[in-house]
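# Examining the three-dimensional arrangement
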Amino acid sequence: MNTDPNADDPTPDKKTQILKAATRLLTTQGLQVVSFESIANEAGLSRQLVRYYYPDLDALMVELCGHLQQVYQDALVAGIVEVRQVERLKFFLDFLFGLSEDHPMPDNLEAYDALFAYAVGSASLKERLCDKYKTLGQVILHELAITHPELDDAACNELSFLVVSMMHAHWSYVATLGFSPDHNRLARRAIDRLIASYINEAPTVPSIEKPWSRDG
């Protein structure tokens, strides 16, 4: 008797199939419906096979975070190769706030809110999400420094943190709570005004030395 749970399933990339199924469930139905059974049903696979790849939901959620990050990275890279160096910051911000028509954001933003909710009880997922958003902040910091050399390091650090924070909050309102996507332009214009305020006015209070630092 063959006891290999993958024996009746010759398709090579079952893990991606599982992660895509989990993304669909989180995006359309939320965290409350996610289980090995529901993911297996959505993927058209056996529960045994899903458990073969992921012994617990923590492991699945951590890898799902990396999968979603790669999806966004691929979309960003596709756009970056088409823009000039001086336009990269604008493209990044347009993309992050849903205004890059030729390179739209992946349609799975609700999944991120579900991951944040799950991370409350999962130290491993919390760590992965922190690393992911810090990396995004470092990218924004780099592009700010190139586009606006008049900004010092402290200003670029603060702005990168604010941009990423506003982006996440914005999509929580639009994708998860159902506020109109018309707010995309409002949020995007607010970012430009925020950057301009740092360029035109000296800070009136001391900067936070490390805005991306964490307690504990």
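No experiment lies behind these values; they were computed from the predicted model shown.

### Regarding the nonpolar core
Where a protein is soluble and globular, its nonpolar side chains tend to be buried together. Judged by nonpolar contacts, the single largest core of 60 residues is most densely connected at Leu60, Met61, Leu64, Phe95, Leu115 and Leu125. Not counting chain neighbours up to four residues away, the residues in contact with Leu64 comprise Leu19, Ala22, Thr23, Leu26 and Leu115.

### So, the packing of helix H4 (residues 57-80) against helix H6 (residues 109-119)
Direction vectors running N to C along H4 and H6 enclose 145°, while the axes themselves pass 11 Å from each other. The two elements H4 and H6 cross, and the hand of that crossing is left-handed. Of the residues in H6, those touching H4 at Leu57, Asp58, Met61, Leu64, Cys65, Leu68, Gln69 and Tyr72 are Leu109, Ala111, Tyr112, Leu115 and Tyr118. A breakdown of the residues in the contact of H4 with H6 according to their chemical character gives 11 nonpolar, 1 polar and 1 charged.

### A few points about the side chain of Lys14
Structurally, Lys14 can be placed in helix H1 (residues 14-28). Here Lys14 falls in the buried class, since its relative accessible area comes to 4%. Only 3.1 Å separates the side chain of Lys14 from the side chain of Gln17, close enough to count as a polar contact.

### Focus on the environment of Ser46
With respect to the helices and strands, the residue Ser46 is situated in the loop between helix H2 (36-43) and helix H3 (47-53). The spacing of Ser46 and Phe36 is 10 residues in sequence and 9.3 Å in space, taken between C-alpha atoms. At a separation of 3.0 Å, a polar atom in the side chain of Ser46 contacts the main-chain amide nitrogen of Leu49.

Cut-off values and rules
- Residues numbered from 1 in each chain as written.
- Predicted model: local features only at pLDDT ≥ 70, side-chain atom pairs only at ≥ 80, totals over all residues.
- Heavy atoms only, no water.
- Core = buried A, V, L, I, M, F, W, Y, C linked by side-chain atoms within 4.5 Å.
- Buried < 20%, exposed > 50% of the residue type's maximum accessible area, 1.4 Å probe, protein only.
- Contact = heavy atoms within 4.5 Å.
- Axes fitted to C-alpha atoms, helices over the stretch in contact; angles between N-to-C directions.
- Helix = DSSP H or I, 4+ residues; strand = E, 2+ residues; numbered from the N terminus.
- Left-handed = near helix turned anticlockwise from the far one by under 90°.
- Nonpolar A, V, L, I, M, F, W, Y, C, P; charged D, E, K, R; others polar.
- Polar contact = N/O pair within 3.5 Å; in protein donor to acceptor, adjacent residues only side chain to side chain.

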